[in-house]
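# Descriptive analysis of the structure
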Amino acid sequence: MREPMKVLLSAGMIQGGLSGVGRYVVELANRMRKFDTLELSLAGFDADRHLFPDFEDAHWISIPESAQSGARNVLWHQVKLPGLLKCGDFNLLHIPSYRRIVARSPIPQIVTIHDCAPFRLRDKYGALRGVFGRQISPWLARRCEAVVAVSHFTKQDLVDFYKLPSKRIEVIHNGLSHDMYHPHAPQDLESFRETHKLEHPYFIFVSRLEHPGKNHVRLIEAYEGFRETCETKIQLVLGGAPWHGVDVIHQRVADSPFVEDIILPGFMEETELPLWYAGAQALVFPSLIEGFGLPVVEALACGVRVASSDRGSLPEVGGDAAIYFDPESVPAITAVLHQIVSETEAEARSRLEKGLQHAASFDWDKAAMATCQSYLNTLKMGDHSE
């Protein structure tokens, strides 16, 4: 019987599981840990260890707390990690973020790249991170044996911007936990609304509070235009942890004539997130660039209509189940809000059914199995090259 592959996955950039990359690592790691063909180990911060309950000491490498900051974290991956790999008994290294690719890995390396935002949104990052993302990261990625992209859109960006050969990039879509993201019973939603004092219908946008990339300001402006011309009182929920540019978003909310109806609940625990979705009139997702866009399929799986930006991977992820709009046009966003509330019951039901069918194709178990197969293919390529 063939020995299990010994793979080290870096979890040193998951930010407590609050980010999209964090969700990706947590979901895949906890599933792949149970595979017989794979002996998976993690390198991460001890503060995040509770997110991985099945990983015992023998399969956990502690990253020192002093490496928490961005620059020091990158430095740890470049300087300390290669030495640990030399001393260990690993066959493959998996880095789930382009900023942590190891320049001189002593073992084969596979990287997951979620988006090419530094090329698409030049003002998303500061000058140093922009240079790293546009100049150093492509060079690092070309040193990897294989690359995983979370969408076909990201794969094409990697071909165009990183100049990677298409054949070296495999698309593995992010997944869903269908035991968590599904339609909920009316009594559960009623109890949830009472707990959170949600007395009125609401639109929801779930994302980090990040400006300008997530496009909160235009959504707020569009919501104001909607409220000025709609008799129905529908609130706006902006859920998510604070990030770069959050002060701009907070100030725009404070300046809104509808400030009392714009709700900022902060980071939403995953245990409650499906209820936030299921209780909404619709998810409105105006992001300017997404490598995948998990909230779109999460909301669809919860039986909620989705109005989405037509940029990046979002049309690929939402398929024909979502309504699309130009995220740089405030009138276009306002119009789609009106479209949602004006749909007939039959139209809304048809859209919900289509969304449930579409969301069923995304699954974390399927993504974990595909990722494990990608490990095997990468190692086979290395054996062949020798």
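Refer to the structure presented above.
Just so it is clear, the model here is predicted, and its values are computed rather than measured. (Residues numbered from 1 in each chain as written. Predicted model: local features only at pLDDT ≥ 70, side-chain atom pairs only at ≥ 80, totals over all residues. Heavy atoms only, no water.)

## Some remarks on unusual backbone geometry
Put simply, His 211 and Pro 212 share a cis peptide bond, and its omega is 10°. The phi torsion at Lys 163 lies on the positive side, around 60°, for a residue other than glycine. For Lys 163, the position within the fold is in the loop between helix H5 (152-161) and strand E7 (169-171). The exposure class assigned to Lys 163 is exposed, which follows from its relative accessible area of 58%. A positive phi is found at Lys 197, a non-glycine position, where the angle reads about 55°. (Helix = DSSP H or I, 4+ residues; strand = E, 2+ residues; numbered from the N terminus. Buried < 20%, exposed > 50% of the residue type's maximum accessible area, 1.4 Å probe, protein only.)

## Brief notes about the sheet that holds strand E6 (residues 146-149)
Here we have seven strands laid out as an open sheet, ordered E3-E2-E1-E4-E5-E6-E7, and parallel in their pairing. Because the sheet does not close on itself, it has two edges, and the strands there are strand E3 (60-62) and E7. Ignoring strand direction, the axes of neighbouring strands in this sheet form an average angle of 20°. Summarising the sheet, strand E4 (residues 92-95) and strand E5 (residues 109-113) pair through three bridges and their orientation is parallel. Of the residues in E5, the one forming a bridge with Ile 95 is Val 111. Seen against the sheet, helix H1 (residues 20-32) touches strand E1 (5-10), strand E2 (38-44), E4, E5 and E6 and runs at an angle of roughly 145° to E2. (Pairing = 2+ DSSP bridges. Axes fitted to C-alpha atoms, helices over the stretch in contact; angles between N-to-C directions. Contact = heavy atoms within 4.5 Å.)

## Quick look at the sheet that holds strand E12 (residues 305-309)
A sheet is described by the order of its strands in space; here six strands give the open sequence E10-E9-E8-E11-E12-E13, paired in parallel fashion. Each edge of the open sheet carries a strand with a single partner, namely strand E10 (262-266) and strand E13 (323-325). In this sheet, adjacent strand axes meet at a mean angle of 25° when their direction is disregarded. Relative to E12, strand E11 (residues 282-285) runs parallel, the two sharing four bridges. Bridging from a neighbouring strand, Leu 283 pairs with Val 306 of E12.

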